[in-house]
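Tertiary structure, described
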Amino acid sequence: MNTKKTVALVLGSGAARGNAHIGVIQAIEERGYDIISISGCSIGAIVGGVFAAGKLAEYREWAESLDRVDVIRLLDMSLLNGGYIKGDRFFEKVQKIIGEPSIESLPITYTSVAVELLNQKEFWFQRGDLISAMRASSAIPSILSPVSLNGRIYVDGGVLNPLPIIPSVSAGADYIIAVDLNGPAEGLLKEASEALEVDEEGPAWWHSAKGFFSKGQDDPDDKERPKYSPESWGRLQTVNMMFETMQESLTQYKLAGYPPDLLISIPKDISGFYEFWRAKELIKFGYEVTLKAIDGLESPSSSYYSFPKGY
């Protein structure tokens, strides 16, 4: 008989910060909890889906192997398609890792949350192709191409629900644990924009991607600007900053209506949203934060608990 406490895990959206989800899962399992349900949005749907498919170790190994050049190469921008990132290269790799499972075949309950754009409604993927559900949930508006499935158009679930707690309620787990990747800033952002600097003789695709992240690279005054000043933002960073501002507000609203048993709050400034090459440190951060958070959850005085900060 399984005597482990059970967890319904909610994994929020937040691009590269989603690597912290890997560390969260590791800590929860090491502390003896049984994850029986996953609901996720955007990167949370991706990491959650990989975990549900039993391939998190392989995905982690790949994520930790990525360097800056690898990340830029994954950005298959289509100038003929409105300048969107298609996402094909990334999901081709994910498919190599997990195969082509259906959601129904997964050993635990899984929900990927997207937004059906034309009807302006939240949509829960709880059956069908897992890869398609991941892609639909992570199509960030104005950055990644919208996903067309069965005559419907889907974009990132974070447009309406960046921390999808409600799908986890029906799992009947002992605890609902939610991981918010848009937590309050704590002055942690590292100066990492130099990661996109390359030799002027670099390939054309690199310079196109570089310009997508930041502008003013040829401006002699650019060197005098702070690394993360708005003057140096490109389209990608500007759009994402607006999107994350909206998500933070929506998350607070969702938490007020459906507070989980444990909220793990990852500071939104722990990394740039595109810094997927920092997987190791983000995984470690998620792991260590979760161990401390579980200590609080298990304390006799525990009620609704948030770490590092509440709202």
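Okay, so let's go over this structure. All chains use their own residue numbering, which begins from 1 and follows the written sequence. Per-residue local features of the predicted model are confined to residues with pLDDT of at least 70, and side-chain atom pairs are confined, for both listing and counting, to 80 or more; whole-chain, interface and lining totals are unaffected and use all residues. To obtain the side-chain values, all non-hydrogen atoms of the structure were included, while hydrogens and water were left out.

1. As for the overall build of the protein
Helix and strand definitions follow DSSP, with helices as H or I runs of at least four residues and strands as E runs of at least two, each counted in order from the N terminus. A tally of regular secondary structure across the protein gives 10 helices and 11 strands. Buried positions account for 51% of the 311 residues belonging to the protein. Here, two residues are considered to be in contact whenever any of their heavy atoms come within 4.5 Å of each other. Contacts in the protein between residues far apart in sequence, at least 24 positions, make up 74% of those at least 6 positions apart. Every accessible area reported is derived by Shrake-Rupley at a probe size of 1.4 Å, with residue values counting cover from the shown protein chains alone. Carbon together with sulfur atoms contributes 51% to the accessible area of the protein, which is approximately 14100 Å² in total. Each residue is placed in one exposure class: buried if its accessible area under a 1.4 Å probe, protein chains only, is under 20% of its type's maximum, exposed if it is over 50%, and partly exposed if it falls in between.

2. Examining unusual backbone geometry
Even without glycine at this site, serine 42 takes up a positive phi of about 60°. Inspection of the secondary structure puts serine 42 in the loop between β2 (34–41) and α2 (43–52). By relative accessible area, which is 5% here, serine 42 ends up buried. Within the chain, glutamine 120 stands out as a residue other than glycine whose phi angle is a positive 55°. Position of glutamine 120 among the secondary structure elements: in the loop between β5 (109–116) and β6 (121–125).

3. Description of the environment of aspartate 129
With respect to the helices and strands, the residue aspartate 129 is situated in the loop between β6 and α6 (130–137). You can call aspartate 129 partly exposed: its relative accessible area is 33%. Sequence-distant contacts of aspartate 129, that is, excluding residues within four places in its chain, are made with Glu100, Pro101 and Ile103. Here the side chain of aspartate 129 touches isoleucine 131 through a polar contact of 3.5 Å, landing on its backbone nitrogen. Any pair of N or O atoms that falls within 3.5 Å is considered a polar contact. Within protein, one atom must be able to donate a hydrogen and the other to accept it, and sequence-neighbouring residues count only if both atoms are side-chain atoms.

4. Description of the packing of helix α5 (residues 88–98) against α6
Two packed helices can be described by the angle between their axes and the distance between those axes. Angles here are taken between N-to-C directions and fall from 0 to 180 degrees, while the axes themselves are lines fitted to C-alpha atoms, restricted in helices to the stretch in contact. Two elements in contact, α5 and α6, have axes separated by 11 Å at closest approach and are oriented at 145°. α6 is crossed by α5, and the crossing has right-handed handedness. On α6, the residues that touch Asp88, Phe91, Val94, Gln95 and Ile98 of α5 are Leu130, Ile131, Met134 and Arg135. Its residues assigned to classes, the contact of α5 with α6 shows six nonpolar, one polar and two charged. In this scheme, a crossing is called left-handed if the near helix is turned counterclockwise away from the far one by less than a right angle; it is called right-handed if the turn is clockwise. Residues were grouped as follows: Ala, Val, Leu, Ile, Met, Phe, Trp, Tyr, Cys and Pro as nonpolar; Asp, Glu, Lys and Arg as charged; and all remaining residues, including Gly, as polar.

Honestly, it's all geometry; don't read function into it.
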